[in-house]
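So the chains spell out like this:
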Amino acid sequence: DAGVTQSPTHLIKTRGQQVTLRCSPKSGHDTVSWYQQALGQGPQFIFQYYEEEERQRGNFPDRFSGHQFPNYSSELNVNALLLGDSALYLCASSVGREAKNIQYFGAGTRLSVL
Amino acid sequence: TQLLEQSPQFLSIQEGENLTVYCNSSSVFSSLQWYRQEPGEGPVLLVTVVTGGEVKKLKRLTFQFGDARKDSSLHITAAQPGDTGLYLCAGYDGYNFNKFYFGSGTKLNVKP
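Visitor: Please clarify how the overall build of chain B should be interpreted in this entry.
Guide: Helix and strand content of chain B: zero helices and eleven strands. Seen in sequence order, chain B has helices and strands lined up from the N terminus as β-β-β-β-β-β-β-β-β-β-β. What you see for chain B is a C-alpha radius of gyration of 13 Å, in line with the 13 Å of a compact globule of 112 residues. For the C-alpha atoms alone, the extent of chain B along its principal axes is close to 45 × 30 × 20 Å. When each of the 112 residues of chain B is scored for burial, the buried share is 46%. Considering only residue pairs separated by 6 or more positions, chain B has 55% of its internal contacts joining residues 24 or more positions apart. Element-wise, carbon and sulfur atoms account for 51% of the exposed surface of chain B, whose accessible area totals about 5,300 Å². With 10 positive and 10 negative side-chain charges, chain B shows a spacing of 2 Å between the two charge centroids.

And the structure:
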């Protein structure tokens with residue numbers, strides 16, 4: 001049983017570019033949450049997708065957007081990249097949209113913005 | 001800014017020593033989780049505490065949720081090199097935002 005998988009594992013972009021990160025949830029999970037983890041910090045909640053809709057959102061600008069597909073996989077898009085967007089982006093999946101439900105994390109995508 | 005403050009930020013100890021990590025907030029949480037994260041990996045859930053004053057044990061790890069559900073502690077007895085990693089607490093705010101808030105983490109290094 002595959003856990004949460006994220007792609008790519010590493011990515012290098014330049015300022016102003018756009019990036020798309022992908023996440024496949026654990027089998028049987030229907031909810032995907034995205035987090036940003038800056039170096040030396042804890043993860044910060046970006047948003048959560050359930051039933052193909054954004055259900056909750058953290059304090060992130062509109063440059064951060066996402067999508068969930070009918071198979072529950074999800075994408076995180078970031079436009080107009082800034083140097084400060086350099087971070088580890090984590091995807092977590094769970095069953096149901098209740099945040100109290102156990103989340104399983106992927107290994108993350110390391111984004112470097114030059 | 002982090003809603004949850006963890007202390008200490010860094011801890012380097014010898015194998016066999018005991019240690020305690022703290023997670024504090026001015027906010028009340030419905031529940032609190034502890035995770036361990038190793039380099040190149042995502043966080044892995046260790047425990048969830050729900051009731052104020054609750055104590056849970058996981059082998060050499062003891063987790064406690066404060067009576068007011070604003071703080072928590074993680075105590076490790078006889079630490080081993082395999083305990084090395086980043087320990088994160090995460091509070092679930094079921095009252096207002098139905099979201100998780102992570103602390104900034106405690107980086108533990110256990111030397112053999």
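Visitor: Help me understand the environment of S72(B) in this model?
Guide: Note on placement: S72(B) falls in strand 8 (residues 71–76). As a C-alpha pair, S72(B) and D83(B) span eleven residues in sequence and 19 Å in three-dimensional space.

Visitor: Help me out: how do you make sense of the nonpolar core in this one?
Guide: The nonpolar side chains of a soluble globular protein tend to be buried with one another. In this structure, L19(B), L32(B), W34(B), F63(B), L74(B), I76(B) and L108(B) are the most contacted members of the largest nonpolar core, which totals 21 residues. Only strand 3 (19–24), strand 4 (31–37), strand 5 (44–49), strand 7 (61–65), strand 8, strand 9 (85–93) and strand 11 (106–111) of chain B provide two or more residues apiece to this core. Of all hydrophobic cores here, the second largest spans 20 residues; its members include Y49(A), L76(A), V78(A) and L81(A).

Visitor: Whenever I open this one, the pairing of strand 11 of chain B confuses me. Can you help?
Guide: Along any regular strand, the residues point their side chains to alternate faces of the sheet. Residues and elements named next belong to chain B. What you see with strand 11 is a clean split: T106, L108 and V110 sit on the buried side and K107, N109 and K111 on the side with no burial. In the sheet, strand 2 (residues 10–14) pairs with strand 11 via five bridges, with the strands oriented parallel. Its bridge partner lying in strand 11, F10 is registered against K107. Relative to strand 11, strand 9 is paired through three bridges, and the arrangement is antiparallel. Following the sheet pairing, Y87 is matched in strand 11 by T106.

Visitor: Quick question: what am I supposed to make of the packing of aromatic side chains here?
Guide: In this description, an aromatic ring pair is defined by two values, namely the gap between the centres and the angle between the planes. All told, the structure shown has ten aromatic pairs over all chains when counted by the stated rule. Measuring from centroid to centroid gives 6.5 Å for W34(B) and F63(B), while their planes differ by 45 degrees, and the two rings are tilted. Of this pair, W34(B) sits in strand 4 while F63(B) is found in strand 7, placing the two residues 29 residues apart along the sequence. For W34(B), a relative accessible area of 0% corresponds to the buried category. Taking relative accessible area as the criterion, F63(B) reaches 0% and is therefore assigned buried. A cation over an aromatic ring shows up here: K26(A) above the ring of Y104(A), its NZ or CZ 5.2 Å from the ring centre.

About the criteria used
Residues numbered from 1 in each chain as written. Chains lettered and ligands numbered in written order. Predicted model: local features only at pLDDT ≥ 70, side-chain atom pairs only at ≥ 80, totals over all residues. Heavy atoms only, no water. Helix = DSSP H or I, 4+ residues; strand = E, 2+ residues; numbered from the N terminus. Rg over C-alpha atoms; globule rule 2.2 N^0.38 Å. Buried < 20%, exposed > 50% of the residue type's maximum accessible area, 1.4 Å probe, protein only. Contact = heavy atoms within 4.5 Å. Areas by Shrake-Rupley, 256 points an atom, 1.4 Å probe, with all protein chains shown as cover. Lys, Arg positive; Asp, Glu negative; His and termini not counted. Charge placed at Lys NZ, Arg CZ, Asp CG, Glu CD. Core = buried A, V, L, I, M, F, W, Y, C linked by side-chain atoms within 4.5 Å. Pairing = 2+ DSSP bridges. Phe/Tyr/Trp six-rings, centres within 6.5 Å; stacked < 30°, edge-to-face > 60°. Lys NZ or Arg CZ within 6 Å of the ring centre and 35° of its normal.

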